[in-house]
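The lines below spell out each chain.
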Amino acid sequence: MTRPAPRVVEALNAALHRLFEERSSLHLLGEDVRDPYGGAFKVTRGLSTRHPDRVLSTPISEAGITGVAGGLALAGDQAIVEMMFGDFAALAFDQILNLISKSVTMYGDRVPMPVVVRCPVGGNRGYGPTHSQSLQKHFVGVPNLALYETSPFHDPYAQLAEGLDRGPAMLFEDKVLYTRRMFRDGVVDEHHRFALRGGPTGWAHVSPMDGTAADVVLICPGGTTHRALDAARLLRARGIAAHVLVPARLYPPDLEPVLPLLADARLVAVAEESTEGGTWGAEIAARVHTRIWSHLRSPVLQLNSADSVVPTAPHLESRVLLGAERIAAEIEKGAARSLQPRGPAAPIVAAESGTAGAGAGEQPAAAAVDSAEPAAGAPVAVPKLNNNDTAYLVVRWFADDGAYIGEGDPLVELETSKAVEEIAAPAAGHLRIRAAEGSEVGVGDLLAELLAEPPAVPAPGTSALTPSDERVAAPVPAAVNPTVDPPAQEPAPAARTHVLGRAQQGTAAVVTRAHREVPVAFAAVEVRVDAVLARLRTLSDETGAEVGLPEAVVKAVAAAHPAFPHLFGTLVDERTVRLADTVDIGVTVDAGNGLYIPVLRDCASRSLADLSDDLMDFRMKAFRAEFTAGELSGGCLSVSLNTEPGVLFVQPIVMAPQLCMVSVGGRLTRLVLEDGVPASTTVVTLGLAYDHRVVNGRDATAFLRAVADALHDAEGLVACAGPQ
């Protein structure tokens, strides 16, 4: 079996070991970097054991650590500094700005300063305001200081070696990357490939496998890579071909290898996790404007996180930090605007007649689109849905004029030459329809506006729609007796309401179907988990992945597949079960905004660490509601994770067309007798809801016992997981 690609943390660790073997004058300084701890994120694991005199665990003094590193460099040695969290680099700013970087040139001759300051940065880990920042922008433009950022495409050895040789430098390491696998062999996924432009510390260029030219080029630092890739997948489904560029060196940037790609794109965007204002992205945008302004169809789109500290609560953190869905939505709007023709045909201020660009007696190209006045709210433009069409048919609106629409709610259906596509609202507001049902609209045309206030109510007997709108307004009925005032009505008290989100509505539909169609039964067993929990802790230390009981339960369930294939099947009719070839298991993820059941693929042959990586990714996507339909479909059995402390057991719902769902409860402490001596043990309850048309009670209990046995055999469970 081919060994999986290393995780980013493993690649960093290997790079440090190689540098220490090659450079006898290299030192590493930081807090708790020596074994057995090996740094807060295990990047320096094993270094102090092999090089005890050159790996120094220091007191808590970032300024002191960095000052010592500068002194070592001035004395002819080399040094790498580890900030436990990149936020603390602010405490070392004086040493970086006024000692290390200036010493290169302020003594009348160029002085080598082989110092690299490593900084774990970024959010999405729930670490809160002072441990989650992206501080790259505060170091952009410091003379002599080079900035790098780890990515899943670039070998960190090349970044560290170049940083030391040209020094001084900083290497920013987004914490979400540590447990991610490196990409290799030029493959990202089934739809995307990558190649390096400009050498090992140049640009990673991600492009579609089919060679489609770029509608949009999205530039992002390494820590935003996976969000950019998810956004590219979302855009691909919407008919927009997005290429992604990821640099190994942030500053000074070398744009030469990628300028031709940028010049050919319809839109260039830069996405980064930092807050806006004086950012790396703004620097890139300024340089792109300077170099290829005449080729750009619109200004470079800059995307940042919200102007806020990073909250600790996951649901608030997800609202602050830049996510894939917002990247895709903003790019989609920007791409639509970039299609608008330039010059007199598209004046900045719309003409009052609504026929700007049309000659005398001519009608505008899309007569059904109301352009009688400028957009008064958030505009909804016609997106490009595929590469074959330039115009689409408005099939139906999901709401009437004046109705309040939430962000992400279904808004309108457009028919292309291939399919009918549903367009979601890019923002919340009151709907003002600008294109009639049955009309044809061009890419970039105005479909609607989303207003902060409801549109004005028309006078009695008139329509709120403009003459160009083909919808027919219903007449306003006259009062039966206008001289008689209606009886006074007591105002109804304002009621507090809670509107279900789309994810919860989907869950409700599936559960309703399950209750209606599936004759469900239930069984449960209690399982001791002390040994497996202990082994999972050591496995986490060995692999750098955060492996826990959920992954172990999924793996134990997958191990039971050969003995119980019919439990992993799908009921075709009353007498036929379609058996699954691979064990694809759905897992429940609830981040507070609806229940999702994404699917872990090929669980029988993949390692526990790989499953852990996928589960971590699922949790992040649940916070942002960024799942694709493909990630939520195709499971042959599901596992309901309810591992909060004190949960006794959970009776899950069989998610048709599946036949079974396993549940795992929270850890409980039991008092047992061990050789006649009272002792405490940790247990969880495993449950199985099963379709009684296919599975009988004996099968159910035997299956649960098999899962329990797999959990009891902790070493066997890890061994059957494949290479770590």
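Refer to the structure presented above.
In this text the structure is predicted, and so the values were computed from the model without any measurement. (Residues numbered from 1 in each chain as written. Predicted model: local features only at pLDDT ≥ 70, side-chain atom pairs only at ≥ 80, totals over all residues. Heavy atoms only, no water.)

Peer 1: What exactly am I supposed to notice about helix α14 (residues 608-624) here?
Peer 2: Given 3.6 residues per turn, any residue in an α-helix points the same way as the ones three and four places further on. Under the 1.5 Å per step criterion, the end-to-end length of α14 is 25 Å for 17 residues, consistent within 8% with the ideal 24 Å. A625 sits one or two residues past α14 and shows a positive phi near 55°. (Helix = DSSP H or I, 4+ residues; strand = E, 2+ residues; numbered from the N terminus. Expected span 1.5 Å × (residues − 1).)

Peer 1: Looking at this structure, I do not really get the side chain of K175. What am I missing?
Peer 2: Tracing the backbone through its elements, the reader meets K175 in the loop between β6 (169-174) and β7 (192-197). Buried and unpaired, K175 has D87 as its nearest opposite-charge partner, separated by 4.9 Å. In contact with K175, other than residues within four places in its own chain, are F41, F85, P120, V121, G122, R125, Y127, H131 and S132. (Buried < 20%, exposed > 50% of the residue type's maximum accessible area, 1.4 Å probe, protein only. Lys, Arg positive; Asp, Glu negative; His and termini not counted. Salt bridge = Lys/Arg side-chain N within 4 Å of Asp/Glu carboxyl O. Contact = heavy atoms within 4.5 Å.)

Peer 1: How should the pattern of salt bridges be read in this particular structure?
Peer 2: Two side chains bearing opposite charge may form a pair once their charged atoms approach each other closely. For the structure on display, the rule yields 31 salt bridges. The residue R287 makes a salt bridge to E283 at a minimum N-O spacing of 2.6 Å. With R287 and E283 both in helix α8 (residues 280-292), this residue pair falls four residues apart, about one helical turn. Residue classification places R287 among the partly exposed residues on the basis of a relative accessible area of 27%. As a salt-bridge pair, E526 and R670 come within 2.9 Å of each other at their nearest N and O atoms. Taken together, the positions of E526 in strand β22 (residues 520-528) and R670 in strand β31 (residues 668-674) put the pair 144 residues apart, joining distant regions of the chain.

Peer 1: What is the right way to read the pairing of strand β8 (residues 203-208) from this model?
Peer 2: One face of the sheet, then the other: side chains in a regular strand alternate in exactly this way. The buried count for β8 comes to six of six residues, which makes it a mostly enclosed element. The sheet contact formed by β7 and β8 spans six bridges and is antiparallel. Along β8, the bridge assignment pairs A195 with H205. The turn linking β7 back onto β8 is made up of five residues, and G198 within it adopts a positive phi angle of 90°. With four bridges connecting them, β8 and strand β10 (residues 242-247) associate as antiparallel partners. If you follow W203 over to β10, its bridge partner there is P247. (Pairing = 2+ DSSP bridges.)

Peer 1: How do you make sense of empty space enclosed by the protein when you look at a structure like this?
Peer 2: Picture a little ball the size of a water molecule; that probe, rolled over the atoms, points out where space is still empty. In the structure shown here, the tally under the stated rule is two cavities of 30 Å³ or more. Considered as a void within the structure, the largest cavity measures approximately 280 Å³ in volume. Considering the residues around the largest cavity, the lining is formed by 17 residues, among which N124, V176, R180, D617 and M620 are closest to the centre. If one sorts the elements of the lining of the largest cavity by residue count, α14 sits on top with six residues. For the lining of the largest cavity, a count of residues per class yields three nonpolar, four polar and ten charged. Of the voids in this model, the second largest cavity is the one considered here, and its volume is about 120 Å³. Residue lining of the second largest cavity: 14 residues in total, with S134, Q136, P221, E272 and E273 positioned closest to the centre. At three residues, strand β12 (residues 267-275) tops the list of elements feeding residues into the lining of the second largest cavity. Here the lining of the second largest cavity is composed, by residue class, of four nonpolar, five polar and five charged. (1 Å grid on protein atoms, 1.4 Å probe; cavity = no way out; pocket = protein on both sides within 12 Å on 5 of 7 lines; lining within 4 Å. Points joined across faces, edges and corners; volume = space filled by probe spheres on them. Nonpolar A, V, L, I, M, F, W, Y, C, P; charged D, E, K, R; others polar.)

Peer 1: Just to check I follow, could you spell out the sheet that holds β8 for this structure?
Peer 2: Two orientations exist for strands paired in a sheet by backbone hydrogen bonds: parallel and antiparallel. One open sheet accounts for six strands, arranged β7-β8-β10-β9-β12-β13; its pairing is mixed. With one partner strand each, in any of the chains shown, β7 and β13 (301-305) form the two edges of the open sheet. For this sheet the average axis-to-axis angle between neighbouring strands, irrespective of direction, equals 20°. By the bridge criterion, four bridges tie strand β9 (residues 216-219) to β12 in an arrangement that is parallel. Bridge assignment links L218 to a residue of β12, and that residue is A269. Contacts from α8 reach β9, β10, β12 and β13 within the one sheet, and its direction differs from that of β12 by about 160°. (Axes fitted to C-alpha atoms, helices over the stretch in contact; angles between N-to-C directions.)

Peer 1: I would appreciate a short explanation of helix α15 (residues 697-712) in the present structure.
Peer 2: Look at α15: 23 Å from first C-alpha to last across 16 residues, which is about the 22 Å you get at 1.5 Å a residue. Every buried residue of α15 is accounted for by A700, F703, L704, V707, A708, A710 and L711. Around the axis of α15, the buried residues are gathered within 160° of arc, so they sit on the same side. If you follow the buried residues of α15, they end up packed against β22, α12 (530-543), α13 (549-559), β30 (660-664), β32 (677-691) and α16 (714-719). (Arc of directions from axis to C-beta.)

Peer 1: What's the story with the sheet that holds strand β4 (residues 115-121) in this structure? I'm lost.
Peer 2: Strand order across the open sheet formed by seven strands is β2-β1-β3-β4-β6-β5-β11, with mixed pairing between neighbours. Edge positions in the sheet fall to β2 (55-57) and β11 (249-251), since each of these pairs with one other strand and no more. Pairwise comparison of adjacent strand axes, ignoring direction, gives a mean angle of 20° for this sheet. Bridge analysis of β4 against β6 gives six bridges, and the strand direction is parallel. Bridge assignment links P120 to a residue of β6, and that residue is E173.

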